[in-house]
Amino acid sequence: NKYNTRFISTDKIPPVFLCFRDRKEWADLEPVPQDDGPNPVVKIAYSEKFSDVYDYFRALLKNDERSERAFALTSEAIELNAANYTVWHYRRVLLQALSKDLREEMRYITAIIEEQPKNYQVWHHRRMVVEWLNDPSEELEFIADILSQDAKNYHAWQHRQWVIQEYKLWDDELDFVENLLEEDVRNNSAWNQRHFVISHTSGFSDAMEREIQYCLYQIKKAPNNESAWNYLKGILQPLGLSAQPGLLERVLELKQTHCSPYLLAFLFDCYEDALENSKENVAEEEQQKTLKKALEICQLLAQEDTIRKEYWLFLGRSLKNKHGSSDPSDEPLADDPEPSVPVSEQQEMS
Amino acid sequence: MDGVPTPLRCFNECHSAAMFVDDGVETVTSREQKKVERSIEEVFSVYKQIHSLPQPTLLREQHYQYLKKGLRHLSDAYECLDASRPWLCFWILHSLELLEEPIPAAVASDVCHFLARCQSPAGGFAGGPGQHAHLAPTYAAVNALCIIGTEQAYNIIDREKLLDFLMSVKQPDGSFVMHVGGEVDVRSAYCAASVASLTNILTPKLFEDTTNWILSCQNWEGGLSGVPGLEAHGGYTFCGTAALVILGKEHMLDLKALLRWVVSRQMRFEGGFQGRCNKLVDGCYSFWQAGLLPLLHRALFKQGESELSRQRWMFEQQALQEYILLCCQNPTGGLVDKPGKSRDFYHTCYCLSGLSIAQHFGNMDLHHEMILGKEDNRLAPTHPVYNICPEKVAQALQHFHRLPVPDGNRQPGASADASVSDPTANSGLGDHQS
């Protein structure tokens, strides 16, 4: 394609980029300089190449030219600024108007994403091409490759979820997730994908016991991995943490050998859930015992997890306010500078 | 008080106990985290050695010069932001307003003219003159114009066309695409809600089903994702939550779960915030994450929570200020993600915005300041929904609420001098939603 020859070269001189304004095939088109106005602000000192390419892009846009040379120019414009969504939009218009080879476009976008995997436009463009081709067959492998370079790339995961959901490619995804978790059990994106796959396939009712097992297994290996604890809580929360028989006991056991701020927070959540969702037959005394245990954990966390001290103290006050008995001997939590104040004295936050 | 320096948390003997525990199981995540902690430890240690009396100092003059220059000229390194120039205006103007540096009238006028050239004939603002309209530069342009706050600035916005643009990117499921033919994610709802509420073009139809779509972004972690199904992320969580606050529907979130998620994002050792669980600290999350706490505080208060503090947000304000002042300032001006990273206007804006949040508790009626270091470190307060100064929000609302909502769809019961509602005042704009 004659429009792809950007370099002139001779034996002796290294190839240089030939400006569009010097290319004879473009002589008929008047470039359109950027109109920033007389006193520009945030004025970028564009390179000569950048100005040249975009002056011609603006000219094409102005005329709504739909040609091969326009298409070739969009590649140049994208290389200079892959975040220019106006150029991408125009490229898509041209892809359709010129009935371009979409397989070739897939190869193109694959290369661009490999170079710039954290850009919104490139992933959106790929999605459009996949939709037009109605062919997701390369996607899972491609995304896996991107994730092998950055296992938490948000755009990659977004694209992956879209492909899987749109084309119903669920079958191998749990295996894929498990492999990623083998590599890095702290990969929160992989834990999220695990949740995604299970919610959309088996659901959590049948899978619950297996998932709890899996979490506890990972927690025993790395007790300070927040992702595993968050996942455990996340899957149990809809049913209520205190609804799972034997769980509290298992966690209390773990406390002896595998303690962490996350374990303590989980215990608190169990106690809180017990208080919130207590059945009719739970005695007041039992409730107060649970409350006491919960408040002790808040105290402990306020001392151990000091970055969240304000929060743990609030949780304690809030829980006590909600479930506490009206026992006048109750003292405010130690080290808590803000004892409860009756509502009528509260300042308005208007 | 200038005389008595507060002991820094990061100089506490026990502070190294807050470092990451890898349980002997090394993975990419733990390696990266430990690397960052070592570099932060180095910064803390160097600071300790140089300064006998720790008084972290905001490098006002250096930041001011960096911002002043950038507002006019940017090097070719900024070619990658050629489709985000209204953002550059916002990041720089907001930083200047936080630093309480006045914007000369001529500069303000030039910004107005430039943003006028970024406005699309079809409505909304684009990343640069001649480009297509996009919700992100639209958000940035409207905010920048509201910071300027002159009649000239307000008059730049074509409200009728702006509403047309918002309707043109609205999707049947309640979400918005970022631009015609573009991608969907929760940022778009925030951008749309922000500009619509400030310029008084909110109609019931505009945000129909948007609340439910945003709610579907709250996930098993308690935070919000960019689109339903993805991982909870600070930027997206802020956008979704702030959008719901504007629509008066934040109570429909699981606020307790969201609160737990966001407070867990503050890093024990570094003091700053991470964007997602098990990822690295980044100065910009000083706003996206910490900024959620004022929103949640108010939301919980509205729900009848009686045990909220009257002096502090529910994050470690001092630790965040230490991280920003000690680790995120470039000595030649500008702020950064973390030590070793280059400065840029995005991080300058959001580090300063986060610093402001950490310094100021409350609002007009109840205000408690906690300034780390010199009194001169004090920044102007910022509005936690819009991230421009609260006075500018009030002024813009007052201006635009005197104008009729375009399309003849006036809000039920509204009159020309109806009282203006700040979404963080008692009446949510969502009261008018169908």
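A quick note: this is a predicted structure, and the numbers were derived from the prediction, not measured. (Residues numbered from 1 in each chain as written. Chains lettered and ligands numbered in written order. Predicted model: local features only at pLDDT ≥ 70, side-chain atom pairs only at ≥ 80, totals over all residues. Heavy atoms only, no water.)

A.B. asks: Which residues make up the overall build of chain A, and what are the values?
C.D. replies: Helix and strand counts for chain A stand at 15 helices and 3 strands. For chain A, with 350 residues in total, the buried portion stands at 52%. Put simply, 60% of the contacts in chain A that link residues at least 6 apart link residues at least 24 apart. For chain A, the computed accessible surface area is about 17,000 Å², with 49% contributed by carbon and sulfur atoms. (Helix = DSSP H or I, 4+ residues; strand = E, 2+ residues; numbered from the N terminus. Buried < 20%, exposed > 50% of the residue type's maximum accessible area, 1.4 Å probe, protein only. Contact = heavy atoms within 4.5 Å. Areas by Shrake-Rupley, 256 points an atom, 1.4 Å probe, with all protein chains shown as cover.)

A.B. asks: Describe the overall build of chain B, with residues and values.
C.D. replies: Assigned secondary structure in chain B consists of 16 helices and 3 strands. Each principal axis of the C-alpha atoms in chain B carries an extent, and together these give about 65 × 45 × 40 Å. Within chain B, counting contacts between residues at least 6 apart in sequence, those at least 24 apart form 70% of the total. Looking at chain B as shown, the accessible area adds up to about 14,900 Å², and 53% of this sits on carbon and sulfur atoms. Here chain B contributes 36 positively and 47 negatively charged side chains, and the mean placements of these two sets differ by 1 Å. (Lys, Arg positive; Asp, Glu negative; His and termini not counted. Charge placed at Lys NZ, Arg CZ, Asp CG, Glu CD.)

A.B. asks: An account of empty space enclosed by the protein is requested, with residue identities and associated values reported.
C.D. replies: Tallying each qualifying case throughout the model produces 8 cavities of 30 Å³ or more. Here the largest cavity is characterised by a volume of approximately 240 Å³. For the lining of the largest cavity, the elements supplying multiple residues, two or more each, are α11 (226–236) and α13 (261–276) of chain A together with α11 (255–263) of chain B. By residue number, the principal contributor to the lining of the largest cavity is α13 of chain A, which donates 5 residues. Grouping the constituent residues of the lining of the largest cavity by class yields 8 nonpolar, 2 polar and 9 charged. (1 Å grid on protein atoms, 1.4 Å probe; cavity = no way out; pocket = protein on both sides within 12 Å on 5 of 7 lines; lining within 4 Å. Points joined across faces, edges and corners; volume = space filled by probe spheres on them. Nonpolar A, V, L, I, M, F, W, Y, C, P; charged D, E, K, R; others polar.)

A.B. asks: How would you explain helix α4 (residues 105–118) of chain B if you had to name every residue and give the values?
C.D. replies: An α-helix turns once per 3.6 residues; consequently, residues spaced three or four apart project the same way. Residues and elements named next belong to chain B. Between its terminal C-alpha atoms α4 stretches 20 Å, which fits the 20 Å expected from 14 residues at 1.5 Å a residue. Along α4, the residues that are buried comprise Val107, Ala108, Ser109, Asp110, Val111, Cys112, Phe114, Leu115 and Cys118. The inward-facing, buried residues of α4 abut α2 (60–72), α3 (85–98), α5 (135–148) and α6 (151–156). (Expected span 1.5 Å × (residues − 1).)

A.B. asks: Any chance you could break down a negative patch on the surface for me, citing the residues and the numbers?
C.D. replies: There is a patch of like negative charges on the surface, built from Asp158, Glu160, Asp164 and Asp407 of chain B. Examined against the element boundaries, Asp407 of chain B turns out to sit in the segment after α16 (390–400). (Patch = residues over 30% accessible without salt bridge, like charges linked within 9 Å, V, L, I, M, F, W, Y side chains within 5 Å. Salt bridge = Lys/Arg side-chain N within 4 Å of Asp/Glu carboxyl O.)

A.B. asks: Account for the packing of aromatic side chains, naming residues and giving values.
C.D. replies: Taken as a whole, this structure holds 40 aromatic pairs over all chains when the rule is applied. Seen in terms of ring centroids, Tyr139 of chain B and Tyr190 of chain B are 5.0 Å apart; in terms of plane orientation they differ by 50°. Their pairing is tilted. Placement of Tyr139 of chain B in helix α5 and of Tyr190 of chain B in helix α8 (residues 186–198) is noted, with a sequence separation of 51 residues between them. Judged by relative accessible area, which is 2%, Tyr139 of chain B ranks as buried. Overall, the relative accessible area of 1% leaves Tyr190 of chain B in the buried class. With a centroid separation of 5.6 Å and 55° between ring planes, the pair formed by Phe176 of chain B and Phe207 of chain B is classed as tilted. In this pair, Phe176 of chain B is assigned in the loop between α7 (159–169) and α8 and Phe207 of chain B in the loop between α8 and α9 (210–215), connecting sequence segments 31 residues apart. Owing to a relative accessible area of 4%, Phe207 of chain B belongs among the buried residues under this scheme. Here the aromatic cluster, defined as three or more aromatic residues joined through ring pairs, consists of Trp87, Phe90, Trp91, Tyr139, Tyr190, Phe238, Phe287, Trp288, Tyr346 and Tyr350 of chain B. Directly above the aromatic system of Tyr108 of chain A lies the positively charged group of Arg91 of chain A, at a separation of 4.0 Å from the ring centroid. (Phe/Tyr/Trp six-rings, centres within 6.5 Å; stacked < 30°, edge-to-face > 60°. Lys NZ or Arg CZ within 6 Å of the ring centre and 35° of its normal.)

A.B. asks: Tell me what's going on with the interface of chain B and chain A, and back it up with residues and numbers.
C.D. replies: Contacts between the two partners involve 97 residues from chain B and, on the opposite side, 79 residues from chain A. When the two sides are added together, the surface that chain B and chain A hide from each other amounts to roughly 7,800 Å², 50% of it contributed by carbon and sulfur. Per-residue buried area on chain B facing chain A is highest for Trp220, Arg260 and Glu307 of chain B; these three make up 12% of the total on that side. Put simply, chain B and chain A have 6 salt bridges between them. Notably, a salt bridge pairs Asp35 of chain A with Arg117 of chain B, separated by 2.7 Å at the nearest N-O pair. Counting every contact that joins chain B to chain A gives 52 residue pairs in polar contact (both at pLDDT 80 or more). When contributions to the side of chain B that touches chain A are tallied by element, the ones reaching two or more residues are α1 (28–50), α2, β1 (73–74), α3, α4, α11 and α13 (292–302) of chain B. Taken together, the residues of the side of chain B that touches chain A sort by class into 38 nonpolar, 30 polar and 29 charged. (Buried area = accessible area lost by both parts, 1.4 Å probe. Polar contact = N/O pair within 3.5 Å; in protein donor to acceptor, adjacent residues only side chain to side chain.)

A.B. asks: Before we move on, could you go through the side chain of His159 of chain A and cite the residues and values that matter?
C.D. replies: Residue and element names in this part refer to chain A. Following the sequence through the fold, His159 ends up in helix α7 (residues 154–167). Among the polar contacts made by the side chain of His159, one reaches the side chain of Glu139 at a distance of 2.8 Å. Once residues lying within four places of it in the same chain are set aside, the contact partners of His159 are Trp123, Arg126, Arg127, Glu139 and Ile143.

A.B. asks: Please give an account of the pattern of salt bridges that cites residues and values.
C.D. replies: The final tally for this structure, using the stated rule, is 41 salt bridges over all chains. Linking Asp269 of chain A and Arg260 of chain B is a salt bridge whose minimum nitrogen-to-oxygen distance equals 2.7 Å. Residue Asp269 of chain A is found in helix α13, and its partner Arg260 of chain B is found in helix α11; the two belong to separate chains. Across the pair, Arg260 of chain B and Asp269 of chain A agree in class, each one buried. Connected via shared salt-bridge partners are Arg21, Asp52, Asp55 and Arg58 of chain A.

Don't take any of this as a statement about function, it's just geometry.
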